[in-house]
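# An overview of the molecular structure
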Amino acid sequence: MKTFQKHLLDDVIKNNADLPLGYQAEIFREGVRLFDHLNKKHQGIERRKVAIFGGAGYIGTMLTDHLLQQGYAVKCLDLLLYNNERCVLPFLGRPNYEFAFGDMADREFVAAGLKDVTDVVILAGLVGDPITKKYPEASQIINTDAIRQTIQELNGKGLAKVIFVSTCSNYGLIEGDVLADELFPLKPLSLYAKAKVEMEQLLLSGQGKVDYCPTVLRFATAFGVSPRMRFDLTVNEFTRDMYLNKDLVVFDAETWRPYCHVRDFSILIQRTLEAPEERVSFEVFNAGGEKNNFTKQMIVNAVKAKLPEAPVSYKEHGSDPRNYRVNFSKVRETLLFEPTCSVDDGIAELIHCLDQKFFLNVDAERNFYGNYEIDYPRR
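Residues numbered from 1 in each chain as written. Predicted model: local features only at pLDDT ≥ 70, side-chain atom pairs only at ≥ 80, totals over all residues. Heavy atoms only, no water.

Below, the discussion takes up the overall build of the protein chain. Along its length, the protein chain carries 13 helices and 14 strands. In summary, the protein chain has a C-alpha radius of gyration of 20 Å against a globular reference of 21 Å for 379 residues, a match within 12%. The dimensions of the protein chain, computed from C-alpha atoms along their principal axes, are 60 × 50 × 40 Å. Expressed as a percentage of the 379 residues in the protein chain, the buried residues total 58%. (Helix = DSSP H or I, 4+ residues; strand = E, 2+ residues; numbered from the N terminus. Rg over C-alpha atoms; globule rule 2.2 N^0.38 Å. Buried < 20%, exposed > 50% of the residue type's maximum accessible area, 1.4 Å probe, protein only.)

So this is what it looks like as structure tokens:
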């Protein structure tokens, strides 16, 4: 166990060297506490091992790489619903990585996945409003029934931290210039958001009943380059379409959303895993930063600043009425998290990749590059 203690505490120091000394001291004390906790629960373990449900997806692959670089072991559990197994291949030969193919709806698969892990991140699910609307039965099975069953399996496994990835879509439609903080009323408009709200409530209802530390992160809309690239997300979609001079039609251009780069989500999850328990236990955090609250028009303008000749047209009253700006002061003040990447940075990154002839096969492999169709169950 001395090896584990060395890994745990050395990594805590290295991973947080840019934070204020007082907060570094808090994180170090949390590392010592976790060492004592995990020493009792996991004999022979050398480092923290995180089970990532949905670890082969758009965010999951970036998180996997980040945690491996930060000294964690990772167990990826994924159904590869979009035939995205190629995203896992670069990790298979790396130390401290394990992949398990399976369905969260399978209780035995979940139970096996929770063996010998110290922490859990739940990313899995049908992600996004359109695909849950298209497949309501599968959405119920995956996003509600399977995740409920997984949450019910977590207690008594000797876990340290459990992170449930939710969404800022839970805020729905907000009129005026109000910024939604974590106490703002939730008004989910889609099956996707309604399931997230229900699972948040289930996880948080365990206070005083469970032996792990749960945290809910309400993610902003993701953007940026990832091994399982998605072009059905606003920043990525607008940038590629405008780069290729496609006939981009922007609906309801003045509606607001928050955005966050996939790399920053990985940093925040690590920050949550290493945070003092009293800062994150049974807490909800909006995940992102105010600088990336953008309207669709602002995204178009940012792309046009780099691609001034790109064609764009506009329409009103689209099928998605969501409109929300989000307050991120809690995550900034409690976890000292600020996004490192702006929307402009993400646009520049995507244009660079397109200049280098990346993503030439998007139209031929449309479903790999977006959450459009599923064949479920996939066994």
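Counting buried residues along strand S10 (residues 256-261), 5 of its 6 residues qualify, which places the element largely inside the surrounding structure. By the bridge criterion, 3 bridges tie strand S8 (residues 221-223) to S10 in an arrangement that is parallel. Looking at S10, one finds that Thr-221 is bridged to Tyr-259. Strand direction decides the pairing type here: S10 and strand S12 (residues 293-295), joined by 3 bridges, are antiparallel. Pairing of Pro-258 across the sheet is with Asn-293, part of S12. (Pairing = 2+ DSSP bridges.)

Once that is clear, we can look at the side chain of Asn-236. Residue placement: Asn-236 occurs in helix H8 (residues 234-243). Residue Asn-236 is classed as buried on the basis of its relative accessible area of 0%. For Asn-236, the residues in contact, after removing those within four places along its chain, are Tyr-58, Phe-223, Gly-224, Met-229, Arg-230, Phe-231 and Leu-350. (Contact = heavy atoms within 4.5 Å.)

The strand order across the open sheet formed by 3 strands is S8-S10-S12, and the pairing between neighbours is mixed. The two strands at the open ends of the sheet, each matched to only one other strand, are S8 and S12. Averaged over all pairs of adjacent strands, the angle between their axes in this sheet comes to 50°, without regard to strand direction. (Axes fitted to C-alpha atoms, helices over the stretch in contact; angles between N-to-C directions.)

What follows concerns the packing of H8 against helix H13 (residues 343-355). As a packed pair, H8 and H13 sit with axes 10 Å apart at the nearest point and diverge in direction by 45°. Between H8 and H13, the interaxial angle falls into the category oblique. As H8 runs across H13, the sense of the crossing is right-handed. Each of Val-235, Asn-236, Thr-239, Arg-240 and Tyr-243 in H8 lies in contact with H13, whose residues at this interface are Val-343, Ile-347, Leu-350, Ile-351, Leu-354 and Asp-355. By residue class, the composition of the contact of H8 with H13 is 7 nonpolar, 2 polar and 2 charged. (Parallel < 35°, antiparallel > 145°, perpendicular 65-115°, else oblique. Left-handed = near helix turned anticlockwise from the far one by under 90°. Nonpolar A, V, L, I, M, F, W, Y, C, P; charged D, E, K, R; others polar.)

If you look at the biggest cluster of nonpolar residues, it comprises 60 residues, and the most contacted ones within it are Phe-219 and Phe-359. Ranked by the residues each element gives to this core, the list is headed by helix H3 (residues 58-69), at 6 residues. (Core = buried A, V, L, I, M, F, W, Y, C linked by side-chain atoms within 4.5 Å.)

Turning our eyes to something else, we now look at the environment of Cys-260. Among the secondary structure elements, Cys-260 is positioned in strand S10. Spatially, the C-alpha atoms of Cys-260 and Lys-291 are 9.6 Å apart, while their sequence positions differ by 31 residues. Excluding anything up to four places from it in sequence, Cys-260 contacts Ala-220, Thr-221, Ala-222, Phe-223, Phe-265, Ala-287 and Gly-288.

Below, the discussion takes up helix H2 (residues 21-41). Counted at 1.5 Å a residue, the expected span for H2 with its 21 residues is 30 Å, and the 30 Å between its end C-alpha atoms agrees. Here H2 has its buried residues at Tyr-23, Gln-24, Glu-26, Ile-27, Glu-30, Gly-31, Leu-34, Phe-35, His-37 and Leu-38. (Expected span 1.5 Å × (residues − 1).)

What follows covers the sheet that holds strand S7 (residues 213-219). Ordered in space as S3-S2-S1-S4-S5-S7-S11, the 7 strands form an open sheet in which the pairing is parallel. Bordering the open sheet on either side are strand S3 (97-101) and strand S11 (283-287), each of which pairs with just one other strand. Going from strand to strand, the sheet's axes swing by 20° on average, the running direction of each strand aside. In the sheet, strand S4 (residues 119-122) pairs with strand S5 (residues 161-167) via 3 bridges, with the strands oriented parallel.

To continue, consider the pairing of S5. Along S5, 7 of the 7 residues are buried, which leaves the element largely enclosed by surrounding structure. Burial along S5 is two-sided: Lys-161, Ile-163, Val-165 and Thr-167 and Val-162, Phe-164 and Ser-166, pointing in opposite directions, are all buried. In this sheet, S7 lies alongside S5 in parallel orientation, the contact comprising 7 bridges. When the bridges of S7 are listed, Ile-163 appears paired with Thr-215.

Let's shift gears to the environment of Gln-149. Following the sequence through the fold, Gln-149 ends up in helix H6 (residues 136-153). Look at Gln-149 and you get buried, because its relative accessible area is 13%. When the C-alpha atoms of Gln-149 and Leu-202 are compared, they prove to be 11 Å apart, with 53 residues separating the residues in sequence. Sequence-distant contacts of Gln-149, that is, excluding residues within four places in its chain, are made with Met-104, Ala-105, Asp-106 and Arg-107. Within the structure, Gln-149 has its side chain in polar contact with the backbone oxygen of Met-104 (distance 3.3 Å). (Polar contact = N/O pair within 3.5 Å; in protein donor to acceptor, adjacent residues only side chain to side chain.)

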